Structures are given as structure tokens and as C-alpha cells.
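Structure assessment
Okay, here's what each chain looks like letter by letter:
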Amino acid sequence: MSIASPATQPSSDLELKLPATVGTANQVLKNSGTAGTLEFGSAGKVLQIKFEQVSCANSNEQDITGTSYTAVTKPTLDITPGTSGNKILIQAMLPFSVDNDDNGEENTLRVQLLRTQSGIADVVVGTAQYASTGEHSPGGWLGLAGNIIMNMVDTTVNANAITYKFQARLAHSADSVRFHLGDAHTGTGSSLIATEFA
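Residues numbered from 1 in each chain as written. Predicted model: local features only at pLDDT ≥ 70, side-chain atom pairs only at ≥ 80, totals over all residues. Heavy atoms only, no water.

1. Digging into the nonpolar core
Considering soluble globular proteins, one finds that nonpolar side chains tend to be buried as a cluster. Under the convention used in this document: We call a set of buried Ala, Val, Leu, Ile, Met, Phe, Trp, Tyr and Cys residues a nonpolar core when their side-chain atoms join them within 4.5 Å. Any residue under 20% of the maximum accessible area for its type is buried, any over 50% is exposed, and the rest in between are partly exposed; the area is computed with a 1.4 Å probe on protein chains only. Segments assigned H or I by DSSP are reported as helices when at least four residues long, segments assigned E as strands when at least two residues long, and all are numbered from the N terminus. We call two residues contacting when some pair of their heavy atoms lies within 4.5 Å.
L109, L113, M150, Y164, F166 and F179 are the most contacted members of the largest nonpolar core, which has 27 residues in total. Sorting the residues of this core by element identifies strand 5 (70-79), strand 6 (87-99), strand 7 (106-117), strand 8 (123-133), strand 9 (144-155), strand 10 (162-170), strand 11 (176-179) and strand 12 (189-197) as the ones contributing at least two each. Ranked by residue count, the leading element in this core is strand 6, at 6 residues. Leaving out residues up to four positions away in the same chain, L113 has contacts with I90, V123, V124, V125, G126, M150, M152, Y164, K165, F166 and L192.

Structure, rendered in C-alpha cells:
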């Protein structure tokens, strides 16, 4: 079967009907691997969305010190993919506040997002950092505060359950970072969203 353009411009919309033997139910017509060539195939679709949120409150505060990566206990997110090879869009926000009293010293917070899954080693799927120089919090935690934002696409390697979680560290051992500070200055809270696509 072939489709050709009409010899003249039609005066109204044309209706195209395909034989029942062309393609299968729920397939779409798409550009093939060869430019300008069409083929039938499966349409991409959202399989599931998982969401986890943690509010900024005194009960959720966590302090991390030191230069080695340490687990951020909240939020974590669990998702079981439909099959290997699917894509998972990760959207993450993590509010923080760094306490540093050293004039002129660079204040650097490094955060990474891990994928843990049975049968394989942990994988870093995203990294971010925040850096600033100077004495930012002589009066407490509110001097250097903000949000780490991450957006990335992960590819599933099997259908085992996945856990996404944060780790954080500082550039200087004398510094401290507090997550989910119980103060409106740091925003509404942290969030992790995972959307699986086929």
C-alpha cells in the first residue's frame, strides 16, 4: 500500500481509510529509521508515576558534616519498573541550609542521587552542587540556603524494584548542612518524582 499527494489542492479535508490488514490495533504511524519513510509501531506512553514529599519541619531536620558522602534519610522513592529498557524521568528538589563561619572560605555542598537495585551495584544517576564564598551564617542556619534541583532520565536495566535516594557531602569538614530546616526561609519541602515511560 502507498500514499501519494493529490494532483491538485483539495477543496476540503480528505478522509484516509486504511485496510484492516495494515498495522495492528493501538499502533501509530511514525517516521522510521530511514528519513522520510513511515512505518507502524507502538506509541510511547506513561506507565506509572511515583511521588514522595517531605516538608520543612523540625521533626524532619537532618544535619550532615564532613567530606564523605552521607545518606540523606528523606526523601527516598521506590518504584518497580515494568521491564528493562524503559525510561524513568526523575525530578527532584532538596532544600538545604549551610552553616559556615569562616570568612573567605568557599562553601561547597555536593549532592548526588543514587539508584539502588537488587542484583547490581548502586548507580549515581545525577549530581549537583552549590558553592559560594564568604561568611554566610554567623547567626545560624539561614545565611546560605536554597534548593538543589535535579532533572534527569534513567534507563532501567531489569524489572527489579528500584529505590532512589540522596547522598550529600561538604567541601570542608568544619562546615555543616541541614536539610528540611524548620523555617519558611527554605521553602515548602523536598520532593522526588519518578515517571516511567515505555
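2. Observations concerning the packing of aromatic side chains
Stated formally: Working definition: rings of Phe, Tyr and Trp (its six-membered ring) pair if their centres are within 6.5 Å, and the pair is stacked with planes under 30 degrees apart, edge-to-face with planes over 60 apart, and tilted otherwise. A ring is scored as having a charge over it whenever the NZ atom of a lysine or the CZ atom of an arginine sits within 6 Å of its centre and within 35 degrees of its normal.
Under the counting rule described, the total for this entry stands at 1 aromatic pair. In this structure, R169 is placed above the aromatic ring of Y69, and the distance from its NZ or CZ to the ring centre is 5.4 Å.

3. Looking at the pattern of salt bridges
Cut-off, in case you're wondering: Just to be clear on terms, a salt bridge is a Lys or Arg side-chain nitrogen sitting within 4 Å of an Asp or Glu carboxyl oxygen.
Applying the stated criterion across every chain yields a total of 3 salt bridges. For E61, the salt bridge is made with R178, and the minimal N-O distance between the two is 3.5 Å. Taken together, the residues E61 in the loop between strand 3 (46-55) and strand 4 (62-65) and R178 in strand 11 connect sequence positions 117 residues apart. By relative accessible area, which is 16% here, R178 ends up buried. Put simply, R178 and D63 hold a salt bridge, and the shortest N to O gap is 2.5 Å. Placement of R178 in strand 11 and of D63 in strand 4 is noted, with a sequence separation of 115 residues between them. With a relative accessible area of 42%, D63 lands in the partly exposed category.

4. Re the environment of Y69
Within the element layout of this structure, Y69 appears in the loop between strand 4 and strand 5. Excluding residues that lie within four positions of it along the chain, Y69 makes contacts with R110, V111, Q112, Q167, A168 and R169.

5. A closer look at the side chain of T108
With respect to the helices and strands, T108 occurs in strand 7. Judged by its relative accessible area of 3%, T108 is buried. For T108, the contacting residues outside a window of four places in its chain are Q129, Y130, A131, R169, L170 and A171.

6. So, the pairing of strand 4
For the record, the criterion: Following DSSP output, two strands are said to pair if at least two bridges run between them.
With burial as the criterion, only one face of strand 4 is covered, namely that bearing Q62 and I64; the residues D63 and T65 on the opposite face remain uncovered. As defined by bridge partners, strand 4 adjoins strand 11 across 4 bridges and the pair is classed as antiparallel. Pairing of D63 across the sheet is with R178, part of strand 11.

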